[in-house]
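Understanding the architecture of this molecule
Below are the chains, spelled out letter by letter.
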Amino acid sequence: MGDLFGVKIADLGAVTLLALVVLIVLTGRLVPRRTYDDLREERDTWRSAHTVSEEARAVERAQTRELLELGRTGTHALAGLREATIEEAGTE
């Protein structure tokens, strides 16, 4: 059989092995399958929520980029109208 911390498992008594298993469970290194599945499901839920959030942020960035471009275009158009109005008023 294998070794555990340099001691053969066959040399350990049943009480020692039971104590070792209890210690492993109490320290959280060994968890029930149901607990593991619950944690995995929760992680998958968070992962899908993160994916949806990132998709929404990408749409928001695209909309912001478009609005900024429209704002620049509007500013440029208004500045051109102002200059045309000033030139027209100066020629009269």
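Structure first, text after, so check above.
What you see is a predicted model; the values in this text were computed from it and never measured.

With that out of the way, let us pick up helix α1 (residues 14–26). Owing to its 3.6 residues per turn, the α-helix aligns residues three or four sequence positions apart on the same side. Counted at 1.5 Å a residue, the expected span for α1 with its 13 residues is 18 Å, and the 18 Å between its end C-alpha atoms agrees. Remark: Gly 28 follows α1 within two positions and exhibits a positive phi of approximately 85°.

A word on the pattern of salt bridges. Counted according to the given criterion, the structure contains four salt bridges. For Asp 37, the salt bridge is made with Arg 33, and the minimal N-O distance between the two is 4.0 Å. Of this pair, Asp 37 and Arg 33 both sit in helix α2 (residues 33–91), four residues apart, which is roughly one turn of the helix. For Arg 33, a relative accessible area of 60% puts it in the exposed group.

Residues Val 21, Ile 24, Val 25 and Leu 30 make up a contiguous nonpolar surface patch of roughly 290 Å² in combined accessible area. As for its position among the elements, Ile 24 is in helix α1. According to the relative accessible area criterion, Ile 24 is partly exposed, its value standing at 30%.

Conventions we followed
Residues numbered from 1 in each chain as written. Predicted model: local features only at pLDDT ≥ 70, side-chain atom pairs only at ≥ 80, totals over all residues. Heavy atoms only, no water. Helix = DSSP H or I, 4+ residues; strand = E, 2+ residues; numbered from the N terminus. Expected span 1.5 Å × (residues − 1). Salt bridge = Lys/Arg side-chain N within 4 Å of Asp/Glu carboxyl O. Buried < 20%, exposed > 50% of the residue type's maximum accessible area, 1.4 Å probe, protein only. Patch = residues over 30% accessible without salt bridge, like charges linked within 9 Å, V, L, I, M, F, W, Y side chains within 5 Å. Areas by Shrake-Rupley, 256 points an atom, 1.4 Å probe, with all protein chains shown as cover.

Any link to function would need more than the numbers given here.
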